[in-house]
Protein chains: 2
Amino acid sequence: MKPYRELTKEELVQLKTELETKYKEAQAKGLHLDMSRGKPSADQLDLSMPMLDVLNSQSDLKDATGLDCRNYGVLDGLKEAKELLAGMTGVSADNVIVYGNASLNIMYDTVARAMMHGILGHTPWCKLDKVKFLCPVPGYDRHFAITESFGIEMINIPMTVTGPDMDRVEELVNNDPAVKGIWCVPKYSNPQGITYSDETVRRFANLKPAAEDFRIFWDNAYCVHHLYDDRQDEIPEILSECAKAGNPDMVFEFCSTSKISFPGSGISCIATSENNIKDIKKQMTIQTIGHDKLNQLRHVRFFKDIDGIKAHMRKHAVILRPKFEAVLDTLDRELGGLEIGTWVRPNGGYFISFEAMEGCAKAIVAKCKEAGVVMTGAGATYPYHNDPKDSNIRIAPSFPTTEDLAAAADLFVLCVKLVSVEKLLETK
Amino acid sequence: MKPYRELTKEELVQLKTELETKYKEAQAKGLHLDMSRGKPSADQLDLSMPMLDVLNSQSDLKDATGLDCRNYGVLDGLKEAKELLAGMTGVSADNVIVYGNASLNIMYDTVARAMMHGILGHTPWCKLDKVKFLCPVPGYDRHFAITESFGIEMINIPMTVTGPDMDRVEELVNNDPAVKGIWCVPKYSNPQGITYSDETVRRFANLKPAAEDFRIFWDNAYCVHHLYDDRQDEIPEILSECAKAGNPDMVFEFCSTSKISFPGSGISCIATSENNIKDIKKQMTIQTIGHDKLNQLRHVRFFKDIDGIKAHMRKHAVILRPKFEAVLDTLDRELGGLEIGTWVRPNGGYFISFEAMEGCAKAIVAKCKEAGVVMTGAGATYPYHNDPKDSNIRIAPSFPTTEDLAAAADLFVLCVKLVSVEKLLETK
């Protein structure tokens, strides 16, 4: 296909007329499709239904130590639940605190604790004139919402195919003591599906932060969320890399079973150094007596260990793979060579990221909506909902059926073409 | 029995010798008993085992609106879960936000939110020079731990048989704008088992706080935790009382199923005005996508409604009643008339409170411990662990067997007698 920018004004005008006709036809179909959030489909949730039989009225509800999991207690989680979650990220169970149903809640509480109580004896962030966080972009909207809600200044860091631009990260972290954190999704990043290279991870571990209480918020949300058996991304284990580099306390890692068992009814954890764990527990013991141990036991008995989780995730992949491919194949087929957008073919995760021509993202999302297909709001992948180039669109292919997805993807590429043609005509 | 204070020095010395002999005999038994925490016993937990069969792999996991409870969403809880918890406190379901597994966590988060973000647009408490909370004493140690952890100054308010000393409460709340809150357990208070009188509740509702963001933290932890069928304490519903008095936003009420179903695996809620709910949700939507809806569904389908909860609580009462009576009967029989301590016979709740002679509580608890019976640490029922008279001891009779309790209670009264005799001898 010929790149659109090489078309003459007359060719573009004619193309626009054709595309508008197609768009009207599409609108007439009265679609009602949602590609906005990374929600598992009902098929995927069905995979975990047997988990609900694991604990019943006849079950022995004692953990490995003989503790009655039905009663109060155990602030930091059952040993076996720690081991299960530790296996997902490759850390030691001693580095894990098991929390409740969502890692988002842990991340919020971790920032809130730093604000109110400080980290390892350092000044609480709320007492400082300025606190800054680095935000690789495009990124996860709910991360940015947390830091925004605490009045933390967010600084965009461009993503590259190997992760955040580490020159920029090093420059800021190593020189500005107001930089207290960075949001990272190191594997199958949200939304691009990019996995940090080994070098990127090691450069993270070897940062020399100007602020002693600088922390990497390492949201390993998609650590076992591969789409293929033969193409699986892996990253070096960050806690041990940091320890090796003399920065043992520099990372808070987060993960959960939200997209493994049931979103909202899973278990989650923070993994971090012994020092940080002691510091966290001091506050945590005031906040709670302990999280839901029966649900921890339910997960442990259903999955047994990391191999059980991996086997389960292969079943998820069987459902997810055709959906990703339906969208990606449509993008390749319909937009390949037109030079009106770029995208990455991820090996895992929950999203496809589409980079439209500058100034087109909002218009594309609006056009999709007018024809009945809801996308994540343009700008959502940037701090303050402000995508300076107005070009990034997050596509979430997991929830609709493959058939619906194909229809939604067809509409999406149509809208991309139409908006791009309109954009190009502006300057002809 | 003759009051100890009327005994002569010689009589006291002889009594001391006799008691010391008995104490040595008791020590020789090598007891290992725990009356320190308000934990349900295994028998009580067994009552809720059928709840684990309610959801299984064959269940329809949609709520009344058809929503798939296995997936993300529903920030403030399922409608039917709101109704269940609303029924416990007599409020409308519209006034309820359902949270996770523990009301303690909601209380912590509620104070934390006021500290960081302020209440209804008022200055965040962390920006103020001084924030004070009123603490009816004796009270619940974990309440005091929350306010202490945020550096909030705590002021003791004496409890009376009708609730906190309301003259003192009114004087402080209505005149000092630094007073931002008060901790209350209005029904079967922890530890005294006192239920606030209707007049006390109405005086609360009619406060005229100097601070517009003053809030009553109304921890209705024992709202359905009666010990008897024919002696059940009730209190006026505080939200509507406050609304009537022109203070619709003045209360945060908390309750949970922790001591109804499984502690740590229950559901919990905050009940408050529409304005406060809007304010809370603004922050909550940053903190979480939603709490465990499957566990909400499990509770709703097991209990069905407030009548189901009441029927279930009668089964708890059958188990708890003899334990309370074993302790209370021992206190009556062994200490009645000696004038070395006072106690109240509660109609519900989880504790018995013993008021020893001034300066004796720590010594009694220590003596118990040396003979193998662990009590809640003396002082724990006061802010900063400081009981100015060193006289209050909290007894938690729920966890041990009735047989063990009888042995523990025997030892307790022996220690009370011995320490009291020693105290009286100091001044003879």
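Treat the numbers as computed from the prediction; the structure is a model and nothing was measured. (Residues numbered from 1 in each chain as written. Chains lettered and ligands numbered in written order. Predicted model: local features only at pLDDT ≥ 70, side-chain atom pairs only at ≥ 80, totals over all residues. Heavy atoms only, no water.)

## Remarks on the interface of chain B and chain A
Note the cut-off: Pairs of residues are marked as contacts when any of their non-hydrogen atoms sit within 4.5 Å. What gets called buried area is simply the loss in accessible area from a 1.4 Å probe that two parts show on being joined, summed for both. Criterion for a salt bridge: a side-chain nitrogen of Lys or Arg within 4 Å of a carboxyl oxygen of Asp or Glu. Polar contact is defined as a pair of N or O atoms within 3.5 Å, subject to the rule that within protein one atom must be able to donate a hydrogen and the other to accept it, and that residues adjacent in sequence are counted only when both atoms are side-chain atoms.
Chain B puts 53 residues into the contact, and the matching count from chain A is 53 residues. Roughly 4,600 Å² of surface becomes buried between chain B and chain A when both sides are summed, with 54% attributable to carbon and sulfur atoms. Per-residue buried area on chain B facing chain A is highest for Arg70, Tyr72 and Ile286 of chain B; these three make up 17% of the total on that side. Across the contact surface, chain B and chain A share two salt bridges. Aspartate 46 of chain B is paired through a salt bridge with arginine 70 of chain A; the nearest N and O atoms lie 2.7 Å apart. Across the contact surface, chain B and chain A share 20 residue pairs in polar contact (both at pLDDT 80 or more).

## Considerations on the domain arrangement of chain A
All names here are of chain A. What counts is decided by this rule: Domain extents, as shown, originate in an automatic or database domain assignment.
Domain annotation of chain A identifies domain 1 (4-44 + 310-426) and domain 2 (63-304). Taking the mean C-alpha position of each, domain 1 and domain 2 sit 31 Å from one another. Contacts between the two partners involve 29 residues from domain 1, matched on the other side by 32 residues from domain 2. Summed over both partners, the interface of domain 1 with domain 2 buries about 2,800 Å², with 60% contributed by carbon and sulfur atoms.

## Some remarks on the relation of the copies chain B and chain A
Let me state the cut-off plainly: A least-squares superposition brings the copies together, and it is based on the C-alpha atoms of residues with pLDDT no lower than 70 in both.
Of the transformation superimposing chain B on chain A, the axial component is 0.0 Å and the angular component is 180°, with the fit at an RMSD of 0.0 Å. On the angle and the small slide along the axis, the relation comes out as a two-fold axis. An overlap of 100% is found between the interface residues of chain B and their copies at the interface of chain A, pointing to a shared contact surface.

## Observations concerning the packing of aromatic side chains
Selection rule: Classification of ring pairs uses Phe, Tyr and Trp, with its six-membered ring standing for Trp, and accepts pairs whose centres are within 6.5 Å; under 30 degrees between planes counts as stacked, over 60 as edge-to-face, and the remaining range as tilted. A run of H or I in DSSP becomes a helix once it reaches four residues, and a run of E becomes a strand once it reaches two; helices and strands are each numbered from the N terminus. Buried residues are those whose accessible area, probed at 1.4 Å on protein chains only, stays under 20% of the maximum for their type, while exposed residues exceed 50% and partly exposed ones sit between those limits. In this scheme, Lys NZ or Arg CZ marks a charge over a ring once it lies within 6 Å of the ring centre and within 35 degrees of the ring normal.
The final tally for this structure, using the stated rule, is 28 aromatic pairs over all chains. Consider the rings of phenylalanine 354 of chain A and phenylalanine 412 of chain A, whose centres lie 5.2 Å apart with planes at 85°: the pair is edge-to-face. Of this pair, phenylalanine 354 of chain A sits in strand β11 (residues 352-356) while phenylalanine 412 of chain A sits in helix α14 (residues 402-426); the two residues are 58 residues apart in sequence, bridging distant segments of the chain. The exposure class of phenylalanine 354 of chain A is buried, given its relative accessible area of 0%. A ring pair is formed by tyrosine 196 of chain B and phenylalanine 204 of chain B, whose centres lie 5.9 Å apart and whose planes are at 15°; its orientation type is stacked. Of the two residues, tyrosine 196 of chain B and phenylalanine 204 of chain B, neither departs from the other in class, the shared state being buried. Against the face of phenylalanine 399 of chain B rests lysine 39 of chain B, its NZ or CZ located 4.9 Å from the ring centre.

## Digging into the sheet that holds strand β13 (residues 392-395) of chain B
Residues and elements named next belong to chain B. Let me state the cut-off plainly: One requirement defines pairing of two strands: DSSP has to find at least two bridges between them. All axes are obtained by fitting lines to C-alpha atoms, using only the stretch in contact for helices, and the reported angles, taken between N-to-C directions, cover 0 to 180 degrees.
Read across the sheet, three strands follow the order β10-β11-β13 without closing on themselves; strand pairing throughout is antiparallel. At either margin of the open sheet sits one strand with a lone partner, and together these are β10 (341-343) and β13. On average, adjacent strands in this sheet sit at an angle of 25° to one another, irrespective of strand direction. Across the sheet, helix α12 (residues 306-335) lies against β10, β11 (352-356) and β13, angled at about 20° from β11, the strand it touches most.

## As for unusual backbone geometry
Peptide bonds are trans in most cases, and residues, glycine excluded, mostly fall at negative phi. Following valine 137 of chain B, the chain continues into proline 138 of chain B via a peptide bond in cis, with omega recorded as -5°. With respect to the element layout, proline 138 of chain B can be found in the loop between β3 (132-137) and α6 (141-149). Cis geometry is adopted by the peptide bond preceding proline 191 of chain B, which originates at asparagine 190 of chain B and carries an omega value of 10°. Mapping proline 191 of chain B onto the fold places it in the loop between β6 (179-184) and α8 (198-205). Phi at aspartate 390 of chain A is positive, roughly 45°, even though this residue is not glycine.

## Description of the pairing of β11 of chain A
Residue and element names in this part refer to chain A. With respect to burial, β11 is a largely interior element, four of its five residues being buried. Relative to β11, strand β10 (residues 341-343) is paired through three bridges, and the arrangement is antiparallel. Residue pairing across strands places tryptophan 343 opposite phenylalanine 354, the latter belonging to β11. Here β11 pairs with strand β13 (residues 392-395) via four bridges, running antiparallel. When the bridges of β13 are listed, serine 353 appears paired with arginine 394.

## Notes on the nonpolar core
Quick reminder of the rule: Only buried residues count toward a nonpolar core, which is a set of Ala, Val, Leu, Ile, Met, Phe, Trp, Tyr and Cys residues joined through side-chain atoms within 4.5 Å.
Formed by 119 residues in total, the largest nonpolar core has its most connected members in Phe204, Ile216 and Trp218 of chain A together with Phe204, Ile216 and Trp218 of chain B. Sequence-distant contacts of isoleucine 216 of chain A, that is, excluding residues within four places in its chain, are made with Ile182, Cys184, Phe204, Leu207, Met250, Val251 and Phe252 of chain A. Counting 66 residues, the second-largest nonpolar core is a separate cluster that includes Ile106, Met115, Met116 and Phe144 of chain B.

## A word on the sheet that holds strand β3 (residues 132-137) of chain A
All names here are of chain A. With respect to topology, eight strands assemble into an open sheet ordered β2-β9-β8-β7-β6-β3-β4-β5, the strand pairing being mixed. The two strands at the open ends of the sheet, each matched to only one other strand, are β2 (96-99) and β5 (163-164). Across the sheet, helix α6 (residues 141-149) touches β3, β4 (153-160), β6 (179-184) and β7 (215-219), and the angle it forms with β6 is around 160°.

## Some thoughts on helix α10 (residues 274-287) of chain B
This is how the line gets drawn: Multiplying 1.5 Å by the residue count of a helix minus one yields the expected span of that helix. Note that bend, as reported per residue, equals the angle between axes fitted to the 7 residues terminating at that residue and the 7 residues originating from it.
Its 14 residues place the ends of α10 of chain B 20 Å apart at the C-alpha level, agreeing with the 20 Å of an ideal helix rising 1.5 Å per residue. Of all the bends in α10 of chain B, the greatest, near 30°, is centred on lysine 281 of chain B.

## A look at the packing of helix α7 (residues 166-175) of chain B against α8 of chain B
Residues and elements named next belong to chain B. Quick reminder of the rule: Roughly parallel covers angles under 35 degrees, roughly antiparallel covers those over 145, roughly perpendicular covers 65 to 115, and oblique covers all other angles. Residues are sorted three ways: Asp, Glu, Lys and Arg are charged, Ala, Val, Leu, Ile, Met, Phe, Trp, Tyr, Cys and Pro are nonpolar, and all the rest, Gly among them, are polar.
Across the interface, α7 lies against α8 with an axial gap of 11 Å and an inter-helix angle of 5°. For the element pair α7 / α8, the angle class is roughly parallel. Residues Met166, Asp167, Val169 and Glu170 of α7 pack against Thr200, Arg203 and Phe204 of α8. Taken together, the residues of the contact of α7 with α8 sort by class into three nonpolar, one polar and three charged.

## Re helix α1 (residues 9-28) of chain B
All names here are of chain B. Keep this limit in mind: By construction, the arc corresponds to the directions joining the helix axis to the C-beta atoms.
Taking 1.5 Å per residue as the helical rise, α1 with its 20 residues ought to reach 28 Å, and the 29 Å between its terminal C-alpha atoms agrees with that figure. Those residues of α1 not exposed but buried are Leu12, Leu15, Leu19, Tyr23 and Ala26. Seen from one end, α1 has its buried residues packed into an arc of 80°, which puts them on one side. Residues of α1 that are exposed and angled more than 90 degrees away from the buried face: Glu10, Gln14, Lys24, Glu25 and Ala28. Along its buried surface, α1 packs onto α13 (361-370) and α14 (402-426). A positive phi of about 60° marks glycine 30, the residue just after α1.

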